[in-house]
Amino acid sequence: KAFGELMVQLSTQSTCVRPQKVKEVIGRLAPQFAGYRQHDCHELIRFLLDGLHEELNRIKEMPPYEQIEDGERDSDDVISKRWWRNYTQRNDSVLVDTFAGQLKSCVKCGKCGHVSTVFDPFWDLSLPIPEKYHAKRSYSYYSSSSAADECSLKECFEEFAKADDVDEYYCRKCKKHRRSTKQLSVWRFPKVLVFHLKRFSFSGYSRSKINTAVSAPSRLSLSDLRALSKERADRGTGYALYAIGNHMGTCGGGHYIAHANIGSGVMDDWRCFNDSRASGRLDPSAGQGRSAYVLFYRRCPEGKSKM
């Protein structure tokens, strides 16, 4: 109800709107978001979307649990549709229509080479920043970047899709636990692609923020998407960047602002939203660099490069 009232305010008022009531409701439901301490905006986004999905889920009576059985000779297309149907029989809302995609996860046994494949839903992708670009030297809220520690979003895609070693994976063919490799790729692209840059690292009792500048293109081409999915990227139409959640500061304290494109689709109109203030027009690259934390891309209509 509080979120619905906020949407009405946003559509009827021409001045800044503070989502104070929504924040209060979220704080009551999830005490970790109460008060005015620093919270993780990615965790807040996930909590908000999950809550809205539960309220708007068109499935009122959940079907009984069903074990998914895939045949050895089933194609990836057949298997992915089976897993997607199993998910949407229990999850069907405007949030799923907008944000849900599907990941393909392949685990290859290091001994016999047997490949086990599963298809899981995702609402956002958490992208690692390549270690060779890590920069953890920022002590101020606003810091400039240098070419030495700047990487592209496509390089983060490649790091995400890189094969990782897995210890003690049970191979169904060997009937034993084996060292294996696991690789992820996007199989089904959603209408809105949300990327979370993994800027906060944890090692033992220490925490640090990776301040590497990440250059995010205003439009993701099919070439960019192939880094996430060599098999399915050609089925897409490209994506346009329309919003960025920025974090300035350190693990101990900081500040969030948002940059969003409120243009009609014919022309870009980027604005900065900072607490209860909204600034004038910005350069589209203003929200990129060291502070970019959550990136929102929406699918372009076929034949168009902008939204």
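Above: the structure in question.
Some details on the pattern of salt bridges
Pairs may arise between side chains of opposite charge once their charged atoms sit close together. For the coordinates displayed, the defined rule picks out 13 salt bridges. In this structure, Asp-97 and Arg-58 form a salt bridge, with 3.0 Å as the shortest nitrogen-oxygen distance. Placement of the pair is Asp-97 in helix α5 (residues 94–99) and Arg-58 in the loop between α3 (41–56) and α4 (76–88), with a sequence separation of 39 residues. In this structure Arg-58 comes out as partly exposed when scored by relative accessible area, which is 43%.

A short note on the environment of Leu-225
Its place among the elements puts Leu-225 in helix α7 (residues 222–226). In this structure Leu-225 comes out as buried when scored by relative accessible area, which is 0%. Along the sequence, Leu-225 and Gly-238 sit 13 residues apart, while their C-alpha atoms lie 7.9 Å from each other.

With respect to the state of the cysteines
Taken as a whole and assessed by the stated rule, the structure comprises zero disulfides. Considering cysteine sulfurs only, Cys-112 is the nearest to Cys-109, which forms no disulfide, with 3.8 Å between them. Free cysteine: Cys-174, not disulfide-bonded; nearest cysteine sulfur from Cys-112 at 3.5 Å.

So, the packing of aromatic side chains
Two aromatic rings are characterised by how far apart their centres lie and by the angle between their planes. In the structure shown here, the tally under the stated rule is nine aromatic pairs. Here the aromatic rings of Trp-84 and Tyr-87 are separated by 5.8 Å at their centres, their planes lie at 45°, and the arrangement is tilted. With Trp-84 and Tyr-87 both in helix α4 and three residues apart, this pair spans about one turn of that helix. For Trp-84, a relative accessible area of 15% translates into the label buried. Each ring, one from Phe-189 and one from Tyr-239, has its centre 6.4 Å from the other, and the planes form 45°; the classification is tilted. With Phe-189 in the loop between β6 (176–188) and β7 (192–197) and Tyr-239 in strand β12 (residues 239–249), this pair connects stretches of sequence that are 50 residues apart. Neither Phe-189 nor Tyr-239 differs from the other in exposure class; each is buried. Positioned above the aromatic ring of Tyr-242, the side-chain terminus of Arg-298 is 4.4 Å from the ring centre.

Concerning α3
Helix length check: α3, at 16 residues, gives a terminal C-alpha distance of 22 Å against a target of 22 Å (1.5 Å per residue), a fit within 8%. When we look at burial in α3, the residues that qualify are Cys-41, His-42, Leu-49, Leu-52 and His-53. All buried residues of α3 lie within an arc of 105° about the axis, which places them on one face of the element. Facing away from the buried side of α3 by more than 90 degrees, the exposed set consists of Glu-54 and Glu-55. Where the residues of α3 are buried, they touch α1 (2–12), α5, β3 (125–127), β7, β13 (254–261) and β16 (292–299). Capping the start of α3, Asp-40 holds a side-chain oxygen 2.8 Å from the backbone nitrogen of His-42, two or three residues further along.

With respect to the pairing of β6
Of the strand pairs in this sheet, strand β1 (residues 101–109) and β6 are connected by eight bridges, and their pairing is antiparallel. What sits directly across from Lys-108, in β6, is Thr-181. Where strand β5 (residues 164–171) lies against β6, six bridges are found, and the strand directions are antiparallel. What sits directly across from Tyr-170, in β6, is His-177.

About the thresholds
- In this numbering scheme, every chain counts its residues from 1 along its sequence in written order.
- Given that the model is predicted, a residue must reach a pLDDT of at least 70 before its local features are reported, and side-chain atom pairs must reach 80 or more before they are shown or counted; all residues, however, enter totals for whole chains, interfaces and linings.
- To get the side-chain values, all heavy atoms of the structure are used, and hydrogens and water are removed first.
- The salt bridge definition used is simple: a Lys or Arg side-chain nitrogen within 4 Å of an Asp or Glu carboxyl oxygen.
- A run of DSSP states H or I qualifies as a helix once it reaches four residues; a run of E qualifies as a strand once it reaches two. Both are numbered from the N-terminal end.
- We call a residue buried when its accessible area falls under 20% of the maximum for its residue type, exposed when it is over 50%, and partly exposed in between, using a 1.4 Å probe and counting protein chains only.
- We call a pair of cysteine sulfur atoms a disulfide when they lie within 2.5 Å.
- For Phe, Tyr and Trp, rings pair up if their centres lie within 6.5 Å, where Trp contributes its six-membered ring, and each pair is then called stacked (planes under 30 degrees apart), edge-to-face (over 60) or tilted (otherwise).
- Whether a charge sits over a ring comes down to the Lys NZ or Arg CZ being within 6 Å of the ring centre and within 35 degrees of the ring normal.
- To estimate the expected span of a helix, subtract one from its residue number and multiply by 1.5 Å.
- What the arc measures is the spread of directions leading from the helix axis to the C-beta atoms.
- Throughout, a residue-residue contact means that at least one pair of heavy atoms, one from each residue, lies within 4.5 Å.
- We call two N or O atoms a polar contact when they sit within 3.5 Å, provided that within protein one can donate a hydrogen and the other can accept it, with sequence-adjacent residues counted only if both atoms are side-chain atoms.
- For two strands to be treated as a pair, DSSP must find at least two bridges joining them.

Geometric descriptors of this kind do not, in isolation, establish any biological role.
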